[in-house]
Amino acid sequence: MVHDAESEVRALRERYDRFARDEAPGRSDLYSEWAAGVAADEATAEILARIPATRRQPPLVFAITRLLGAPLEPYAEWSAWLARNAAAVVAESARRGLQTNEPLRCAALLPALSRIDGPIALVEIGASAGLCLQPDRYSYRYSGARNAALDPHDGVSSVVLECELRGELAGVMPLRMPEIVWRAGIDLDPLDATDEADRRFLTTLVWPGEEGRAQRITAALDIAAADPSLIVRGDATNPVVLQAILDRAPADATLVVTTPGVLPHIPRAGRDRLLATLTAAPVEWVTIDPPTLHEAWRPPIDLAGWEGFVLAHDGEPLAAVDPLGGFVEWRTAAVAPRG
């Protein structure tokens, strides 16, 4: 048992070291400092090793400490606060999951949705509070290799998503507002856009240093709260559970299922089961995934020069995209709607 505990602490310190070196730089200097501190501090690592293994991700743990009152101060002050509040942090972390509910992802999803004739019944797997179920309620400002502006039918939205278009094929990328007539989500632990505690948790998940993101999420939460979507608690990797949601969609709409950024968080067996269900179901599947995550790409992806994640429609790679929606580089000349 002692050996197992030592192994757990060692693995945790290695995980935080990787985060400090490879993930936080460029996004949050403070989180990079905190993670490097944990990696070098066995006493603090021992506290965090008391958290269940599936709840120890640095962004989640750091957000939990902030939610409970940890100061945005250098590592020494943060770790001292953690030592005083260890029991509360361990308990809260055990009941929370990492949820990156970023509405900017809709800017990366929009080109794929633009290929699909409406009306659309939209289902999101891993919906959290449903912020990516509102693509028709946001405004878009694309710039870079091509400039484009799109707004909802009733005018400029309180959420304006800015995205860079890259590459020689940006000019042929389809961009139009989707016609969504029904929307629903499924999540293991859904959040409520009208609940103040859930809203605070989502905004606290924003990393220190990510300018404007918390404000964007707050505005998107207001939109979601004004007309709440159907969001069901359940495991979408269970075909019966997923089919029960799909069966509720209106029959006269094109059924579209999105999995923007959720598949990496699903264990492989469940992910394979979910992909098999989506491939066999009469749905249009739109996803944003790491290029090496699975083998559902048709045709296979040439990774040479590939930057970012993959935007795909029914397994067809369409674009290289920022995983949070900051850029889109269109990679296909096929733009015909596929309704």
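If you're wondering where the values come from, they're calculated on a predicted model, not measured in any experiment. Within each chain, residues carry numbers counting from 1 in the order of the written sequence. It should be noted that, the model being predicted, local features are given only for residues of pLDDT at least 70 and side-chain atom pairs only at 80 or more, the latter also being counted only at that level, while totals for whole chains, interfaces and linings use all residues. As a convention, hydrogens and water are excluded, and side-chain values are obtained from all of the structure's heavy atoms.

Trainee: Got a minute to help me understand the pattern of salt bridges in this structure?
Mentor: Side chains carrying opposite charge are able to pair once their charged atoms draw close together. Here a salt bridge means any side-chain nitrogen of Lys or Arg lying within 4 Å of a carboxyl oxygen belonging to Asp or Glu. Tallied over the entire structure, the rule returns 23 salt bridges. Across the pair Arg96 and Glu92 runs a salt bridge, and its minimum N-O distance is 3.1 Å. The residue Glu210 makes a salt bridge to Arg213 at a minimum N-O spacing of 2.8 Å. Using a relative accessible area of 16% as the deciding quantity, one classes Glu210 as buried. By relative accessible area, which is 7% here, Arg213 ends up buried. Each member of the salt-bridge network shares a partner with another, and the members are Arg27, Glu102, Glu210, Arg213 and Arg216. For each residue, the accessible area found with a 1.4 Å probe, counting protein chains only, is set against the maximum for its type, and the residue is called buried under 20%, exposed over 50%, and partly exposed in between.

Trainee: Sorry if this is basic, but what is going on with the environment of Leu98 here?
Mentor: Along the polypeptide, Leu98 turns up in the loop between α6 (86–95) and α7 (105–113). Owing to a relative accessible area of 27%, Leu98 belongs among the partly exposed residues under this scheme. In this structure the C-alpha to C-alpha distance between Leu98 and Leu60, which are 38 residues apart in sequence, comes to 5.5 Å. Ignoring sequence-local partners within four residues, the contact set of Leu98 consists of Gln57, Pro59, Leu60 and Leu205. Secondary structure counts use DSSP, requiring at least four H or I residues in a row for a helix and at least two E residues in a row for a strand, with both numbered from the N terminus. Working rule for contacts: check all heavy atoms of both residues, and any pair within 4.5 Å makes them a contact.

Trainee: Explanation requested: the packing of aromatic side chains in the structure shown.
Mentor: Aromatic rings considered in pairs are described by the distance between their centres and by the relative angle of their planes. Pairing of aromatic side chains requires ring centres within 6.5 Å, counting the rings of Phe and Tyr and the six-membered ring of Trp. Pairs whose planes differ by under 30 degrees are stacked, by over 60 edge-to-face, and all others tilted. Enumeration according to the criterion identifies 11 aromatic pairs in this entry. Considering the side-chain rings of Tyr16 and Phe62, the 5.9 Å spacing of their centres and the 75 degrees angle between planes classify their relative orientation as edge-to-face. Of this pair, Tyr16 sits in helix α1 (residues 2–23) while Phe62 is found in helix α4 (residues 58–67), placing the two residues 46 residues apart along the sequence. Just as Tyr16 is buried, Phe62 falls in that class too.

Trainee: Looking at this structure, I do not really get unusual backbone geometry. What am I missing?
Mentor: Residues apart from glycine generally show negative phi values, whereas peptide bonds are mostly found in trans. Cis rather than trans, the peptide bond between Gly118 and Pro119 has omega equal to 0 degrees. The omega torsion across Arg298 and Pro299 is 5 degrees, close enough to zero to call that bond cis. Following the sequence through the fold, Pro299 ends up in the loop between β8 (284–289) and β9 (309–313). A positive phi angle, close to 55 degrees, is found at Ser128, a residue other than glycine. Position of Ser128 relative to the elements: it lies in the loop between β1 (120–125) and β2 (139–144). Given the relative accessible area of 3%, Ser128 is considered buried. We note that Asp314 has phi near 50 degrees; this positive angle belongs to a residue other than glycine. Here Asp314 lies in the loop between β9 and β10 (316–321).

Trainee: Can you help me understand the state of the cysteines in this one?
Mentor: Throughout, disulfides are identified as pairs of cysteine sulfur atoms within 2.5 Å of each other. Throughout the structure, instances matching the rule amount to 0 disulfides. For the unlinked cysteine Cys106, the closest cysteine sulfur is that of Cys132, found at 4.3 Å. Judged by its relative accessible area of 0%, Cys106 falls in the buried class. Unpaired in terms of disulfides, Cys163 finds its nearest cysteine sulfur in Cys106, a separation of 11 Å.

Trainee: Mind showing me how you'd approach the environment of Gly305 here?
Mentor: Mapped onto the elements of the fold, Gly305 is located in the loop between β8 and β9. Spatially, the C-alpha atoms of Gly305 and Ile266 are 27 Å apart, while their sequence positions differ by 39 residues.

Trainee: I'm lost on the packing of helix α8 (residues 196–204) against helix α9 (residues 213–226) in this one. Help?
Mentor: Angle between the axes and distance between the axes: these two values describe a pair of packed helices. Axes, fitted as lines to C-alpha atoms, cover a helix only where it is in contact. Angles between the N-to-C directions of the axes lie from 0 to 180 degrees. Between α8 and α9, the least distance of the axes is 9 Å, while the angle of their chain directions is 150 degrees. Classified by the angle between their axes, α8 and α9 sit roughly antiparallel to one another. Crossing angle aside, the handedness with which α8 passes α9 is right-handed. Between α8 and α9, the contacting residues are Arg199, Leu202 and Thr203 on the first element and Ala214, Ile217, Thr218, Leu221, Asp222 and Ala225 on the second. Residues are grouped as follows: nonpolar covers Ala, Val, Leu, Ile, Met, Phe, Trp, Tyr, Cys and Pro; charged covers Asp, Glu, Lys and Arg; every other residue, Gly included, is treated as polar. Residues that form the contact of α8 with α9 fall into these classes: 5 nonpolar, 2 polar and 2 charged. Angles below 35 degrees are treated as roughly parallel, those above 145 as roughly antiparallel, those between 65 and 115 as roughly perpendicular, and all remaining angles as oblique. Left-handed describes a crossing whose near helix is turned anticlockwise from the far helix by less than a right angle; the clockwise case is right-handed.

Trainee: I keep staring at helix α2 (residues 29–39) and nothing clicks. Help me out?
Mentor: Turn by turn, an α-helix covers 3.6 residues, leaving residues three or four places apart pointing in a common direction. Counting buried positions along α2 gives 8 out of 11 residues, so the element sits mostly inside the fold. Taken together, the buried positions of α2 are occupied by Leu30, Tyr31, Ser32, Trp34, Ala35, Gly37, Val38 and Ala39.

On their own, these measurements won't tell you what the molecule is for.
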